[in-house]
Amino acid sequence: MDPLLPDVPPPRDSSAIPVELQITPDDFQFLRIQQVIFRHASDIPETPPAAPFSRTELIDLLAQRTMADEGCFLAEKDYDLAEFKIREYEPSTKLLRDLEKQTIREMKLMTRHTDKYVIVRTVTDAKRLSCVSTIVEDEHGACTQLQVYNLPLNARLDEILPRGGIILLREPLYTLSTTVVPSFRVDHLSDMDLLDNDMCFVPDKWRVERVVMTPAKYKDLGNNAMSEGAVKKAIKLYSDGLTAIDQAGDYDAVTRGHKFSLLRNRCLAYLRTGFYERALEDADSALVMEPEDEKALFRKSKALYELHCYGRCGNTLQTMKALFPENKAAEALYQAARKRMFEELRGDYDWGKMVELAKEDKPSPFYDFADYTGPVEVRESPISGHGVFTLEPVKAGELLCVCKAVVNCRGKENGTVVWVDTEPDKMIVAQSVGAHVGAALMEKMRKDSKTAKQVMKLYSRAGHDPHAALPEDHEGKPILNSFLVKDIIRTNSFSSQSYYDEFPETYATNVADFTAVVEAQNNITKAGDPNCGLWIYSSYFNHSCVPNARRSILGDMMIVRAIYDTSANTEMLISYTDIKLDYKSRQAMFANSWGFECKCALCTFESAISGRPLRKRITLMQELDLANTRIGSSRPARSDLVTMAIKIQQLEDFFTIPSTVVPRHYCSSQLFALSAYLDRINLQAQSTIGLEKALDSLGVRFTRHPGNGIEFQNRGYLDADTVRILARLAATDAVGDTAIADAWTAATRVAYRVVCGEDESFDRTMGAFIRLSRLTYLALLEEPTS
Ligand SMILES: C[S@@+](CC[C@H](N)C(=O)[O-])C[C@H]1O[C@@H](n2cnc3c(N)ncnc32)[C@H](O)[C@@H]1O
């Protein structure tokens, strides 16, 4: 997960990578207990302690427990979640009839009770700390704790674990909690069911008589529940009504009418809870009975829209518009579906709107945009597993894909997590963002089987079979292995900010000294918590430190564009990390977080430099960094600049590969700085040469045609540095030759599009900055030199 301390703003688009923590001696003691619990199971008695906690003690312990007790305060920082690595286990997939009933007294500690089930009743309200805990009893009065992991933050605990609720636990894991209380531990939510208290296998002493009601009564009670916002309860009542009708067999016209209403109303309830596939099924069943019903048609369209089936949604709405031309909601949804189809088919987005939403840091539902896949497809990759390949030649800046996040947790929903891996001889304690992404994703997957299947096809370090069929529970919901889903997230998630201002200097009013402007941007605090999310299509891109594609984030949307003009059948590679990090740091990150060694052209080149040449290279870089610090905002001496130029050239000489193949980012940034210093001492012609050389280091090759613009033989590597260099040339090069200035501006726009994901904002940001810089530059040229 993310390499960020919680109080450090994240670099844009950094993938989620954990950072190891320095823990205090107290923390260490706490973690030793976990080590005993999770790894040295043989040290723990097999049965609960001789004097197990009484019901009152269990209730008191839970009431008093804090987040810190559960490990959420480590290394003097508070976390939203503590995850202790435990031995992974599979979710139960067996039928209940194949399992044997057991009681709490029969439970063995540190044991998964395969082929068994228990039925318990909660005796307290559920409490959420690092996980959700409650105290339960069995029919014989024995008490213990129940801990449920991976419940999403928005879960209604009073509906999932209500006080007095009867719970069935399949193949339960009985273990010690992090606070050393004997507990049932549920990691896979399908291992736990809340039972109706009139079900046949509820213990006699808890079972109540089934109350048989009329379909009309079920419907009325369901409608009441809906109006009180108890949607889950409403779904249950509508479903019971439908079951009662089906069990009664033949029905008359009145009952038929009730069946229709129950289906149509349950469809609405499913829409409200995000079970869109089920909503669609109910709408379709209702429409078989009444093909021209206005509400059923609209609900079907809504379900199709939410399932991103925009074509079918549009068709249903066309039928509806013909039947009910006055229905304004249908017209609005039809127009929205049309827009989504254009986005899906042509990549035709309202980028301005996307930028505005992202700047306002709107939550997920506001990003109502479709996915787009450009001239690329997923194929087997010679690098690793699958990758994304071009189907035809693509141009630099061309859109490869736009993906909406499956989940994208923001702020508190995202949260920081401390990961503790208490292996016997090592203790890894790491922190990152994305505490609740796993739970949010699993909730989405349980509701939407298409998403569940797409996620399970992604790569995991566990090496699961992506083609294996996903098992389903008795309600048809997918059975998810929470450990595997979290592994998939760790390998494929990205962290970002909703909006990240790449070029804050464009808001500067004084653009005379361009190094000062560039430096000013470093002082602008990038506000906002990092987000952490999962995007399906983007997850198929493999990594390179010399990427030919780049991702950007606008709110919930991930945009990937080509960096270079690229031929057909080329694998498009993005960078998983900051490619300006040194070789060793990059490789350590790849090894720890993704489990691979990068063998791209840059890594191959850098891995070959060692010994004296490596030391010389590092010394040169350190000397150049020092020179920059010394010059700062002062007027540099010419001799200093000559020395700088020589050192940059010496660094360039290390490269045996042309910059068109491996861009020289460090050299380019030094040349950019040098050119600014030359500008500062009024050596404008030399400054322009510096900018040209800075471009050359990024692989840009061009020829000027005075009066006719610029011919680019190679557009080079396009990133934020390229944008800045091109923008400076657009403002200062070939004064009076508008064709050349316009060509530089057009090239800046392409690079800006790659970096920001869009260029609709260009004219009012970087474009305006170029125009202002040009005016300032002309004014400076006209000033008599002192
Ligand atoms: C986000 S997935 C990329 C898609 C993946 N190749 C697939 O088959 O779905 C990340 C994983 O791909 C592999 N990978 C990505 N870039 C790689 C590279 N340059 N060299 C080796 N393996 C790489 C690693 O196993 C990494 O954990």
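Definitions and limits used
Residues numbered from 1 in each chain as written. Predicted model: local features only at pLDDT ≥ 70, side-chain atom pairs only at ≥ 80, totals over all residues. Pairing = 2+ DSSP bridges. Helix = DSSP H or I, 4+ residues; strand = E, 2+ residues; numbered from the N terminus. Near = placed C-beta within 6 Å. Nonpolar A, V, L, I, M, F, W, Y, C, P; charged D, E, K, R; others polar. Expected span 1.5 Å × (residues − 1). Buried ≥ 20, exposed ≤ 12 C-beta atoms within 10 Å, placed from the backbone. Arc of directions from axis to C-beta. Contact = placed C-beta atoms within 7 Å. Axes fitted to C-alpha atoms, helices over the stretch in contact; angles between N-to-C directions. Parallel < 35°, antiparallel > 145°, perpendicular 65-115°, else oblique. Left-handed = near helix turned anticlockwise from the far one by under 90°. Domains from an automatic or database assignment.

Novice: Which residues make up the sheet that holds strand 20 (residues 416-421), and what values do they have?
Specialist: Taken together, the four strands give an open sheet; going across it, the order is 1-21-20-4, and neighbouring strands pair in mixed fashion. Only two strands of the sheet have a single neighbouring strand rather than two, namely strand 1 (19-20) and strand 4 (81-84). The sheet contact formed by strand 20 and strand 21 (residues 428-433) spans six bridges and is antiparallel. Across the sheet, the residue bridging to Thr416 is Val433, located in strand 21.

Novice: Lay out the sheet that holds strand 26 (residues 557-562) with the relevant residues and their values.
Specialist: Note on sheets: strands pair through backbone hydrogen bonds, and any given pair is parallel or antiparallel. If you trace the four strands from one edge of the open sheet to the other, you get 15-18-26-25, paired in antiparallel fashion. Of all the strands in the sheet, the pair left with one neighbour each is strand 15 (372-373) and strand 25 (549-554). The pairing of strand 25 with strand 26 spans six bridges and is classified as antiparallel. Its bridge partner lying in strand 26, Ala549 is registered against Ala562.

Novice: Before we move on, could you go through the site of the ligand and cite the residues and values that matter?
Specialist: Every one of the 19 residues lining the ligand counts as a neighbour, but Ser384, Gly385, Tyr459, Trp594 and Phe596 are closest to it. Among the secondary structure elements, those contributing two or more residues to the shell around the ligand are strand 17 (386-390), helix 15 (482-492) and strand 24 (542-543). Looking at the shell around the ligand, its residues break down into seven nonpolar, 12 polar and no charged.

Novice: Could you give an account of helix 9 (residues 310-323), with specific residues and numbers?
Specialist: Between its terminal C-alpha atoms helix 9 stretches 20 Å, which fits the 20 Å expected from 14 residues at 1.5 Å a residue. The complete set of buried residues in helix 9 reads Tyr310, Cys313, Gly314, Thr316, Leu317 and Met320. Taken down its axis, helix 9 places every buried residue within 165° of arc, on the same side. On its buried face, helix 9 sits against helix 8 (294-306) and helix 10 (328-346).

Novice: Could you give me a rundown of the packing of helix 21 (residues 665-680) against helix 23 (residues 720-732), with the residues and numbers involved?
Specialist: Contact geometry of helix 21 with helix 23 gives a least axis separation of 11 Å together with a crossing angle of 30°. Taken as axis vectors, helix 21 and helix 23 run roughly parallel relative to one another. Here helix 21 runs over helix 23; the crossing is left-handed. In contact with His665, Ser668, Ser669 and Phe672 of helix 21, helix 23 contributes Asp721, Arg724 and Ile725. Within the contact of helix 21 with helix 23, the residues separate by chemical class into two nonpolar, three polar and two charged.

Novice: So, unusual backbone geometry: which residues are in play, and what are the values?
Specialist: The general pattern is negative phi for most residues beyond glycine and trans for most peptide bonds. A positive phi angle is found at Asn150, which is not glycine, with a value near 70°. Mapped onto the elements of the fold, Asn150 is located in the loop between strand 10 (143-148) and helix 3 (157-160). We classify Asn150 as buried; it has 23 C-beta atoms within 10 Å. The phi torsion at Glu171 lies on the positive side, around 40°, for a residue other than glycine. Along the chain, Glu171 turns up in the loop between strand 11 (166-170) and strand 12 (173-176). Owing to 20 C-beta atoms within 10 Å, Glu171 belongs among the buried residues under this scheme.

Novice: With reference to specific residues and values, describe helix 17 (residues 583-594).
Specialist: The end-to-end C-alpha distance of helix 17, which contains 12 residues, comes to 16 Å, matching closely the 16 Å that a straight helix rising 1.5 Å per residue would cover. Residues of helix 17 that are buried: Arg586, Ser593 and Trp594. The arc that holds every buried residue of helix 17, seen down its axis, measures 70°, which confines them to one face. In helix 17, the exposed positions angled more than 90 degrees off the buried face are occupied by Lys584, Ala588 and Ala591. Of the surrounding elements, those touching the buried residues of helix 17 are helix 15. Downstream of helix 17 by a residue or two, Gly595 has a phi angle that is positive, lying close to 70°.

Novice: Just give me the short version of the domain arrangement of the protein chain, but keep the residues and values in it.
Specialist: Assigned domains within the protein chain: domain 1 (224-353) and domain 2 (609-786). The centre of domain 1, based on its C-alpha atoms, is set 57 Å off from the matching centre of domain 2.

Novice: So, the packing of helix 6 (residues 253-273) against helix 8: which residues are in play, and what are the values?
Specialist: Here helix 6 crosses helix 8 at 25°, and the two axes come no closer than 10 Å. Here helix 8 runs roughly parallel to helix 6, going by the angle between their axes. Judged by the twist between their axes, the crossing of helix 6 over helix 8 is left-handed. Where helix 6 approaches helix 8, its residues Arg264, Cys267, Leu268 and Leu271 are matched on the opposing element by Lys295, Ala296, Arg299, Lys302 and Ala303. For the contact of helix 6 with helix 8, a count of residues per class yields five nonpolar, no polar and four charged.

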